[in-house]
Amino acid sequence: MEDSQVIPGKLEFIRDSVRFEVTGTIPIESVLSPKNPKVNILFKSSENSLLFEELELTKNVSYYSYSKEFVLAYEPWMEGAFLEVQFFQGKKAQEEPYQKKVLARGVITTPLLAKVGKVNFDEPIPQVGLFISTGVMDTDLSRSKEFLIKFDAGSSSIKMNSANAQVIADLKNFLTENSSVLSFKITGVQSPENAEGSSSKLGMDRAEAVNKLLKESNITIRDSLIEVTSRWNDWFDFRLLLREYEKISTQRKDQFYAVLLDEADYQTQAQGLRKITGFNQVAGDLFPSLRAAKIEVVAKPLPGLNQAQSLVLQKALEQSTASSELDMADWAIAGETTPRLEDKAKIYSKMTELFRSVIPYNNLAVVKMRLAQRTLDQETKDLLWKEANDLLYQAAKIDTNPYVLHNQGQIMVLQGKTWEAYKKLSDASVLTRNEDFLKYNESLRGALDILRGDYKLATLRFDYDYTEPKEFFNKGLAYYLSKDFSNASLSFEESVMAGRNYGYGFYGLALIAAQSGQAEVALLQLDRAIHASELLYQKALVDPIFEELRSSEEFFQIFRPATSEKED
């Protein structure tokens, strides 16, 4: 059965199925009994198996031939299964095959890595559902902004010129409008110029100088939120600037990216860049922006009710009354500013009694959805989803609203109703031009496009500024599956930068490295990924993309420490 083969050579999940063809020949002299030789195909894992009807054999002069196409509805057990061809000589009592051969191990299920809100036990609970905001505050849609303090070449002393003074003023205004700071990162960076020195000290000195300047400028941030770091001998920031640079052609940009993505060391890449026509112009325009320290802030506004209004609210919640001294906007603000889901539920539930509006029904449904995320009991989860759907149905009777459609779609996604969900999300997108809403609705649509196999379309969904590592990962996944590896690599790197404890960005980088035959890089990125996520640890052990790596001792070396830690 040496020439038995499966096409394609590695089984792959596409849309909702696994499709392949098995072909091969059997020399007639291998059939001891000329009667009824047969060939079976077995697809088996430790959990389940499929034994297909025996293949039809075509007798030729000196051999039997067989060929058959298969289309299987994908099931989770198939990810770790093996595909085996079995040859029986035709003896009546023969139970074990005379010869067998494994044609493929596992199924490539990379699209199923798309993050759609499902809970994995060793990862942070994904935030699902969109509240309808009053516009005064938005508890779900944080704002991010980057501020750049520039330095003279080789210097870590801040000149308070008009440009840097304006940056500090803009930062103060941003923090005044968004007083609840979620993260605050200062990164000192250096340009590749000789005047910038030959160590990472300059970048860290710049970061520390900016941190000191902020304190002197009365910008007070909790120390626990401030991250001070630096980057050196790293082309990441240059690549970000290059992406927006418009003075060279797309073809010339591709030449730069080809060097930047070849995984060579920093100096080798530097030499490669200098050989590209137009490098001096690009360097002259972009390098000065790398003599800097970046301030990256994620924050949100923090309005709320005053003390007197809070007392009125509490009294209304405790009494059975069909009226309220507070108007609906006040109730909505109270619901938004209350951090506990249980308290939100009380407020929105009371609002359904007081006001005929989409807002309380939709927002109470979101509370139910998020409570469902917190339980592992499937029966409880199903009940909460049903209650949420009932509330959304009531909201839809009042008015057609994109938030209602989005939330209905999100529940369908969690229930595995991908195609129905996509229709809801598509309908929601045409009802509003609100950028904050579309940012989340389109990213979920993009994740579903990945699952549906529309990878090129998926890349178009992520044309928004994100702060969450999962959104960057989905964006990278769309590019990866579209075989746009340069943009995929950049997005996976952005996922890593947004959350180093979120292993999916590392896994994406490992996929790219494995595809391009860079075994050492793939192993390095896998090592980081599997120590961040148990799901990725298990997946890496069966993912056919890493099949060649699994034949090396180095592959299992990176798993042994993880195994020891789990045993401890």
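First, a word on scope: everything that follows refers to the structure included in this document. (Residues numbered from 1 in each chain as written. Predicted model: local features only at pLDDT ≥ 70, side-chain atom pairs only at ≥ 80, totals over all residues. Heavy atoms only, no water.)

Each helix and strand counted, the protein has 21 helices and 13 strands in total. Dimensions along the principal axes, computed over C-alpha positions, put the protein at roughly 95 × 75 × 50 Å. Here the protein holds 568 residues, and the buried ones make up 51% of them. Considering only intrachain contacts with a sequence separation of at least 6, the fraction spanning at least 24 residues in the protein is 67%. Accessible surface computed for the protein: about 28200 Å², of which carbon and sulfur atoms make up 48%. Across the protein, the mean location of the 67 positive side-chain charges is 2 Å away from that of the 80 negative side-chain charges. (Helix = DSSP H or I, 4+ residues; strand = E, 2+ residues; numbered from the N terminus. Buried < 20%, exposed > 50% of the residue type's maximum accessible area, 1.4 Å probe, protein only. Contact = heavy atoms within 4.5 Å. Areas by Shrake-Rupley, 256 points an atom, 1.4 Å probe, with all protein chains shown as cover. Lys, Arg positive; Asp, Glu negative; His and termini not counted. Charge placed at Lys NZ, Arg CZ, Asp CG, Glu CD.)

When the charged atoms of two side chains with opposite charge come close together, those side chains can pair. Scanning the model with the defined rule gives 25 salt bridges in all. Across the pair Lys247 and Asp285 runs a salt bridge whose closest N-O atoms are separated by 3.6 Å. One end of the pair, Lys247, is in the loop between helix 3 (236-244) and helix 4 (250-260); the other, Asp285, is in helix 6 (residues 279-286), with 38 residues separating them in the sequence. The exposure class of Lys247 is exposed, given its relative accessible area of 56%. The salt bridge partner of Glu342 is Arg340, with a shortest N-O separation of 3.8 Å. Residues joined by salt bridges that share partners form a network here, namely Arg15, Glu442, Arg445, Asp449, Arg452, Asp454 and Arg461. (Salt bridge = Lys/Arg side-chain N within 4 Å of Asp/Glu carboxyl O.)

Within the secondary structure layout, Ala540 lies in helix 20 (residues 534-542). Leaving out residues up to four positions away in the same chain, Ala540 has contacts with Tyr507, Leu526, Ile530, Phe546, Arg550, Phe555 and Phe559.

This part covers the side chain of Glu471. Take Glu471: it is sitting in helix 16 (residues 469-481). Separated by 2.6 Å, the side chains of Glu471 and Lys470 make a polar contact. Sequence-distant contacts of Glu471, defined by excluding residues within four places in its chain, comprise Tyr440, Ser443, Phe462 and Tyr466. (Polar contact = N/O pair within 3.5 Å; in protein donor to acceptor, adjacent residues only side chain to side chain.)

Right, let's get into the pairing of strand 13 (residues 292-300). Regular strands place their side chains on alternate faces of the sheet. Across the nine residues that make up strand 13, a large majority, eight, are buried. Of the pairings in the sheet, the one linking strand 10 (residues 143-150) to strand 13 comprises eight bridges and is antiparallel in character. Bridging across to strand 13, Phe147 finds its partner in Ile295. Relative to strand 13, strand 11 (residues 180-189) runs antiparallel, the two sharing nine bridges. In the strand pairing of strand 13, Phe184 is matched with Val297. (Pairing = 2+ DSSP bridges.)

Moving on, we get to helix 8 (residues 328-337). Helix 8 sits mainly inside the fold: seven of its ten residues count as buried. Within helix 8, burial applies to Asp330, Trp331, Ala332, Ile333, Ala334, Gly335 and Glu336. Looking at the packing, one finds that the buried side of helix 8 touches helix 7 (307-318) and helix 9 (341-354). Its side-chain oxygen placed 3.2 Å from the backbone nitrogen of Ala329, Asp327 serves as the N-cap of helix 8.

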